[in-house]
Amino acid sequence: MSTPSDWQRLESLFEHGVALPAAARDGWLDGLQLEPALRQQLERMLACDRSGATIGERLGAALAGAAQAPMLGDRLGPWRLLEPIGSGGMGSVFLVERVDGGFSQQAALKLIRGIATGEAIRRLRRERQLLASLDHPGIARLLDGGETTQGQPYLVLEYVRGEPITRAAARRRLTLRERIALLREVALAVHHAHRQLIIHRDIKPANVLLREDGRPVLLDFGIATLLAADPAEHTGTMPYFTPAYASPEQRAGRPVGTATDIYALGLLLTELITDQPPTLDDDGRPRPPSERVPRARRGALRGDLDRIVARACAVEPERRYPSAEALADDLERHLDARPIRAAPDSRWYVAGKFVRRHPVGVAAGLAAALLLALSGGRIVDERNRALAAEARALAESQAAAAATDFLVELFREADPHAGGGRSLSPLELIEHGVERLAPLPAPQRARLAGTLGDIFFNLGEPTRAAAVLDDAITAARSSGAAPAELAGYLGRRGLALYEAADYLPAEAVLVEAVALARQAGDRDLLSRRLGELGMVQAGQRRFEAAEPNLQEAIALSEALHGPDHAETARLQTLLAEMLHLARRLDEADRLMEHAIVVLRAALPADDPHLLVSLLRHAFLALELRRFEQAERVMLEVLAIRERLFGAHSARLGTVHSGLGKLYHLQGRTADAARHFGHALEISERLAAPGDIDLALMRQNLAAMYIDMGDYPAAETLLRAAVAALDAHPGGAASYVDGLRQQLARLLLLTGPAEEARTLVERPLADGQGAEIAAMQVRQFAQRAEWHRRYGSPQTALEWIERAEAALPASSDGEIGFRQITNLQTRGLIEHALGRHAAAQRSLDRVLEQMTRLRGEAYIGRAGVLLALAAIALDQHEPERVRAQLDESERVMRPVLVEHAPQWQELAALRQRLDEARQ
């Protein structure tokens, strides 16, 4: 077996050997003194190339004598061959012109070696349509394609005038910054294609041209996937990759995916910034770029760029960047002197980046840190007013001197000269401030801890915020603080605990805050604390406790400010959200519509109160299936928060999650997966391993992967989520049950059968309510599915009847989605029992309702269509079979990944149809 270094050596020798006349090659090979195995490989490579022959002769060899190859001047469809412009492992490329009289156009025609079978031609057409959908300025577009009269496939692509990106960068003497910016553009183009579920597999300098206008363009996107007609196409065993730029999984013949392209992008970055082809060790790791350039250039590459290449080119695909977009983001961060994601999470690293961006601002100390924190994380509740009040109180109190000493000490630590050249980041500065609180008198400690806790909260650190605010509460109690002051600290700690998903302690803290606000007689403070308490109780589905608190909060605000005041409207949105959770949707809708009108009129578009309320409104609209309204509002909030906080802020997680749910309900599976992926990325960065929200984000994305046929990716996410909650089980029993049911759904599709049976028969956690009842119904249905696949169809029928009996009818008389899935299982069981007419009636009903609820593009329809096609085959109705298979392929094409098992099911049904016609 060849090692990565062997491949690189062969690639280099091959490039040299093909330039020699055929008569000189034997002597050249003898002089190399290669090991016999390597020499044989090199001889086979050179024999296949036959570089001494003309392009026409090469084409004839590729066609293996099947027929005369096309010649210059010949027409292929509407295209005339003008001149050869290249040759590679897959075929030859010609400059062509359009001659069908429609319009004048030049293009590049790639004639692919080999004769395509009927199945391969169908596959070619399907892939051609996918590639034609790529619409990005950084990707050469696919224009046309077909087969020659001898059955040889060809593709017609946009003709790009340019030169390989590495050669162009060297010739134009581009700066390091310009080269990094070019690679970032290439990565974004690759990400665009990955979002269309297309991978390249052969990214290298020759396939990335730099136009005369300085823009990079990626060529041959996905060409290596076009002619494969079996599962081997998804591995590195296909010959269509360049060894020097191939990933370890390609060289080893393992399955490839988007991570394969990310590896190649890392190698391309290495060559672009070093002007040297990449060199790999035996494990496939590239040498760091800084070690491959003269000493004078090493400083510019050492650090960030070495780390970026190391992560992109990790041997294990799962350790690379999660997407090409993430690689592009790190390149942008490096250019902006911001911390990169691939860097170690070091305090000094982040601080150094901060100092490079703000060399003067560091000297401003804590005040600058606070300003930066607030500009990056607007106060979500009343904390902007509270902080201003605290600052005025501090300035006017007798504690001003102590506070000044506190700040002076922090300023001194922020000074890079005093710190021996080391500077502090804002978060580090706050941490040092917390460490210095202990010696202060209790009143000053309480106020400063309260302020520092608020800053932690606004920096997206609710757990640390809660801890510091607890210190503020302790200090306030010991100093005999007034009830109103103590209620303020308690309320802010309650919010931090709630955001950290620590619901029971949050409620206990807020109950005390409400009692103190009542004792203080401060009706405005009491109204706010009651609203927060009601919000926490509603989040726990304790509506009987939440509603009276929210109603009282609104009544107090109306008495103080009036019914149309912004604060009253904000509290009304909390009550509307509670009504939404309690399924009192009409009441929630009326109240929310009124409150949003008031808030939009009273507050600026980027006000944090308004943005949170708009999200509540959007989620309610989603529940009411007003999809257009929900999408419009969510995208509005997303755009504002991205502008305020950046595209990777924690404050975007809820919005991405909402958009994922919206697009899933609309049948837009790929869009849903993209937004669920963003939400998960944010959650993984911020949440603790056992956080319930993190587990649910994994479950959401796993559900999309199942729908897309990417079962290995789904299984990885689900097993990680179950393991994390099993290790941190506090109050998560029902969530773990839901995760196990999702895992059972996956294992019913993939096996193993015994593990699937263990999961579907596992007792559920004790409990009551609609969610527990729904899980019981799902469990009955999953038992039915297990028996359909692995046991007795008759037993399966008994279980699905139990599931149907346990599910209450929809209140509006319409079939619900759980009823749809139960009916689908019933139809499959009826087919297994040979009751074809009953099975067809059930599945026709399923198809009708799926289309009504989620649209014609919903991927779930494809599975129903395949089942109906199988029934039609058994009933000898070939025309109906063909129509259903064509429709299922139309639904599957834009959604399913290439290795989804449904493609094999579709191919098997087409083969049965062909055999039935013979």
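Residue numbering note: each chain is counted from 1, following its sequence as written. Whole-chain, interface and lining totals are the exception, using all residues; otherwise, since this is a predicted model, local features are given only for residues with pLDDT of at least 70 and side-chain atom pairs are given and counted only at 80 or more. With hydrogens and water set aside, each side-chain value is computed from the structure's full complement of heavy atoms.

So what's going on with the overall build of the protein chain? Residues and values would help.
For the protein chain, the helix and strand inventory stands at 40 helices and 9 strands. When each of the 918 residues of the protein chain is scored for burial, the buried share is 53%. Whether two residues are in contact is decided by their heavy atoms, any of which lying within 4.5 Å being enough. Contacts in the protein chain between residues at least 24 apart in sequence constitute 59% of all its contacts with a sequence separation of at least 6. The helix count covers DSSP runs of H or I at least four residues long, the strand count covers runs of E at least two residues long, and both are numbered beginning at the N terminus. Burial status follows relative accessibility: with a 1.4 Å probe on protein chains alone, a residue under 20% of its type maximum counts as buried, one over 50% as exposed, and anything between as partly exposed.

Tell me what's going on with the packing of helix 11 (residues 304–312) against helix 12 (residues 324–335), and back it up with residues and numbers.
Each pair of packed helices can be summarised by the angle the axes make with each other and by the distance between the axes. Lines fitted to the C-alpha atoms define the axes, with helices restricted to the stretch that makes contact. Angles between their N-to-C directions range from 0 to 180 degrees. Relative to each other, helix 11 and helix 12 sit at 175°, their axes nearing to 11 Å. Taken together, the axis directions place helix 11 and helix 12 in an arrangement best described as roughly antiparallel. Packed against helix 11, whose contacting residues are Asp 304, Leu 305 and Ile 308, the element helix 12 presents Leu 327, Asp 330, Leu 331 and His 334 at the interface. Residues were grouped as follows: Ala, Val, Leu, Ile, Met, Phe, Trp, Tyr, Cys and Pro as nonpolar; Asp, Glu, Lys and Arg as charged; and all remaining residues, including Gly, as polar. Partitioning the contact of helix 11 with helix 12 into residue classes produces 4 nonpolar, 1 polar and 2 charged. Angle categories: roughly parallel below 35 degrees, roughly antiparallel above 145, roughly perpendicular from 65 to 115, and oblique for all the rest.

I'd like to hear about helix 31 (residues 711–727), residue by residue, with values.
Along an α-helix, residues three or four positions apart point the same way, because every turn accommodates 3.6 residues. Under the 1.5 Å per step criterion, the end-to-end length of helix 31 is 24 Å for 17 residues, consistent within 8% with the ideal 24 Å. Taken together, the buried positions of helix 31 are occupied by Tyr 711, Ala 714, Leu 717, Leu 718, Ala 721, Val 722, Ala 724 and Leu 725. One fewer than the residue count of a helix, multiplied by 1.5 Å, yields its expected span.

Which residues make up the side chain of Ser 247, and what are the values?
With respect to the helices and strands, Ser 247 occurs in the loop between strand 9 (216–218) and helix 8 (248–251). By the criterion applied in these results, polar contacts are pairs of N or O atoms within 3.5 Å in which, for protein atoms, one can donate a hydrogen and the other can accept it, and in which residues neighboring in sequence qualify only through two side-chain atoms. Among the polar contacts made by the side chain of Ser 247, one reaches the side chain of Glu 249 at a distance of 3.2 Å. Those residues in contact with Ser 247 that sit more than four places away from it in its chain are Thr 260, Tyr 263 and Arg 320.

Outline the packing of aromatic side chains, listing residues and values.
Each aromatic pair joins two rings of Phe, Tyr and Trp (for Trp, the six-membered one) with centres within 6.5 Å, and gets the label stacked for planes under 30 degrees apart, edge-to-face for over 60, and tilted for any other angle. Tallied over the full model, the rule gives 3 aromatic pairs. Between Trp 786 and Tyr 790, the ring centres sit 5.5 Å apart and the planes meet at 50°, which makes this aromatic pair tilted. Placement of both Trp 786 and Tyr 790 in helix 34 (residues 770–790) is noted, with a separation of 4 residues, approximately one turn of the helix. The exposure class of Trp 786 is buried, given its relative accessible area of 5%. For the pair Phe 817 and Tyr 858, a centre-to-centre distance of 6.1 Å together with 70° between the ring planes defines the contact as edge-to-face. Within this pair, whereas Phe 817 is found in helix 36 (residues 817–832), its partner Tyr 858 is found in the loop between helix 37 (836–854) and helix 38 (860–874), the two being separated by 41 residues in sequence. Whether a charge sits over a ring depends on NZ of Lys or CZ of Arg being within 6 Å of the ring centre and within 35 degrees of the ring normal. Taking the ring centre of Trp 786 as reference, the NZ or CZ of Arg 757 above it sits at 4.5 Å. Sitting over the ring of Phe 817, Arg 854 keeps its end group 3.8 Å from the ring centre.

Go over the pairing of strand 6 (residues 153–158), please, and point to the residues and values.
Successive side chains on a regular strand alternate, one facing one side of the sheet and the next facing the other. Counting buried residues in strand 6 gives 5 out of 6 residues, a clear majority hidden from the surface. Sheet topology places strand 5 (residues 142–147) next to strand 6; 5 bridges connect them, and they run antiparallel. Across the sheet, residue Asp 144 finds its bridge partner in strand 6, namely Val 156. Connecting strand 5 to the antiparallel partner strand 6 that follows it, the hairpin turn spans 5 residues, and Gly 151 within it adopts a positive phi of roughly 90°. DSSP calls a pair of strands paired once it identifies at least 2 bridges connecting them.

Give me the pattern of salt bridges: which residues, what numbers.
Counted as salt bridges are all cases of a side-chain nitrogen of Lys or Arg within 4 Å of a carboxyl oxygen of Asp or Glu. Taken as a whole and assessed by the stated rule, the structure comprises 52 salt bridges. Residues Glu 512 and Arg 477 are paired through a salt bridge, measuring 2.9 Å at the closest nitrogen-oxygen approach. Linking Glu 512 in helix 21 (residues 503–520) with Arg 477 in helix 19 (residues 462–478), this pair joins segments that are 35 residues apart in sequence. Between Glu 587 and Arg 584 there is a salt bridge, with the nearest N and O atoms lying 3.0 Å from each other.

Any details on the sheet that holds strand 8 (residues 208–211)? Residues and values, ideally.
Pairing is antiparallel in the open sheet, where 3 strands are placed in the order 7-8-9. The strands lining the two open edges of the sheet, one partner per strand, are strand 7 (162–164) and strand 9. In this sheet, adjacent strand axes meet at a mean angle of 35° when their direction is disregarded. Running at roughly 30° to strand 9, helix 7 (residues 176–195) makes contact with strand 8 and strand 9 of the sheet.

I'd like to hear about the side chain of Arg 320, residue by residue, with values.
Looking at the element boundaries, Arg 320 is found in the loop between helix 11 and helix 12. Look at Arg 320 and you get buried, because its relative accessible area is 2%. Reaching out from Arg 320, the side chain makes a polar contact with the backbone oxygen of Val 315 at a distance of 3.1 Å. In contact with Arg 320, not counting residues within four places along its chain, are Ser 247, Pro 248, Glu 249, Ala 259, Thr 260, Ile 262, Tyr 263, Arg 311, Ala 312, Ala 314 and Val 315.

Quick one: what's the story with the nonpolar core, residue by residue and with numbers?
Residues grouped as a nonpolar core are buried Ala, Val, Leu, Ile, Met, Phe, Trp, Tyr and Cys residues, joined through side-chain atoms within 4.5 Å. With 152 residues, the main nonpolar core has Met 578, Ile 859 and Met 892 as its most contacted residues. If we skip the residues at most four places from it in the chain, Ile 859 touches Thr 669, Asp 707, Val 891, Met 892, Val 895 and Leu 896. With 42 residues, the next largest nonpolar core counts Ala 169, Leu 210, Ile 273 and Ile 308 among its residues.

Before we move on, could you go through the environment of Gly 709 and cite the residues and values that matter?
For Gly 709, the position within the fold is in the loop between helix 30 (692–707) and helix 31. Residue classification places Gly 709 among the buried positions, given a relative accessible area of 2%. A C-alpha to C-alpha distance of 9.7 Å links Gly 709 and Met 892, two positions 183 residues apart in sequence. Those residues within four positions of Gly 709 in sequence are excluded, and the remaining contacts are Leu 896, Val 897, His 899, Ala 900, Pro 901 and Gln 902.

Let's hear about the confidence of the model for the protein chain: which residues, and what values?
Here the protein chain averages 79 in pLDDT, and 76% of its residues register 70 or above. Per residue, pLDDT captures the predictor's confidence, and it can take any value from 0 to 100. Contacts from residues 1–5, a stretch scored under 50 in pLDDT, to residues over four places away or in other chains number 12 contacts. Residue range residues 386–401 is modelled with pLDDT below 50. Its contacts to residues more than four positions away, or to other chains, number 14 contacts.

Give me the pairing of strand 8: which residues, what numbers.
Where strand 7 lies against strand 8, 3 bridges are found, and the strand directions are antiparallel. Within strand 8, the residue paired with Glu 163 across the bridge is Leu 210. Here 3 bridges tie strand 8 to strand 9, and the two strands are oriented antiparallel to one another. Bridging across to strand 9, Leu 209 finds its partner in Val 217.

Could you give an account of the packing of helix 7 against helix 12, with specific residues and numbers?
Two numbers describe how helix 7 lies on helix 12: the axes approach to 8 Å, and their chain directions differ by 160°. As far as their axial angle goes, helix 12 and helix 7 are roughly antiparallel. Crossing hand, helix 7 versus helix 12: left-handed. Contact residues: Arg 177, Ile 180, Ala 181, Leu 183, Arg 184, Ala 187, Leu 188, Val 190, His 191 and His 194 in helix 7; Ala 324, Glu 325, Leu 327, Ala 328, Leu 331, Glu 332, His 334 and Leu 335 in helix 12. Class assignment of the residues belonging to the contact of helix 7 with helix 12 gives a composition of 11 nonpolar, 3 polar and 4 charged. Note on convention: the crossing is left-handed when the near helix lies turned anticlockwise from the far helix by less than a right angle, right-handed when the turn is clockwise.

Just give me the short version of the environment of Leu 197, but keep the residues and values in it.
Among the secondary structure elements, Leu 197 is positioned in the loop between helix 7 and strand 8. In this structure, the C-alpha to C-alpha distance between Leu 197 and Glu 898, residues 701 residues apart in sequence, is 7.8 Å. Setting aside residues up to four positions removed in sequence, Leu 197 forms contacts with Met 708, Pro 894, Val 895, Leu 896, Val 897 and Glu 898.

Explain unusual backbone geometry to me, and be specific about the residues and the numbers.
With a phi close to 60°, Arg 625 is a non-glycine residue in the positive phi region. With respect to the helices and strands, Arg 625 occurs in the loop between helix 26 (608–623) and helix 27 (627–645). Exposure remark for Arg 625: the relative accessible area of 38% places this residue in the partly exposed category.

How would you sum up the environment of Arg 141? Please name residues and give values.
Relative to the assigned elements, Arg 141 resides in the loop between helix 5 (118–132) and strand 5. Taking the C-alpha atoms as reference points, Arg 141 and Leu 219, separated by 78 residues in sequence, lie 8.3 Å from one another.

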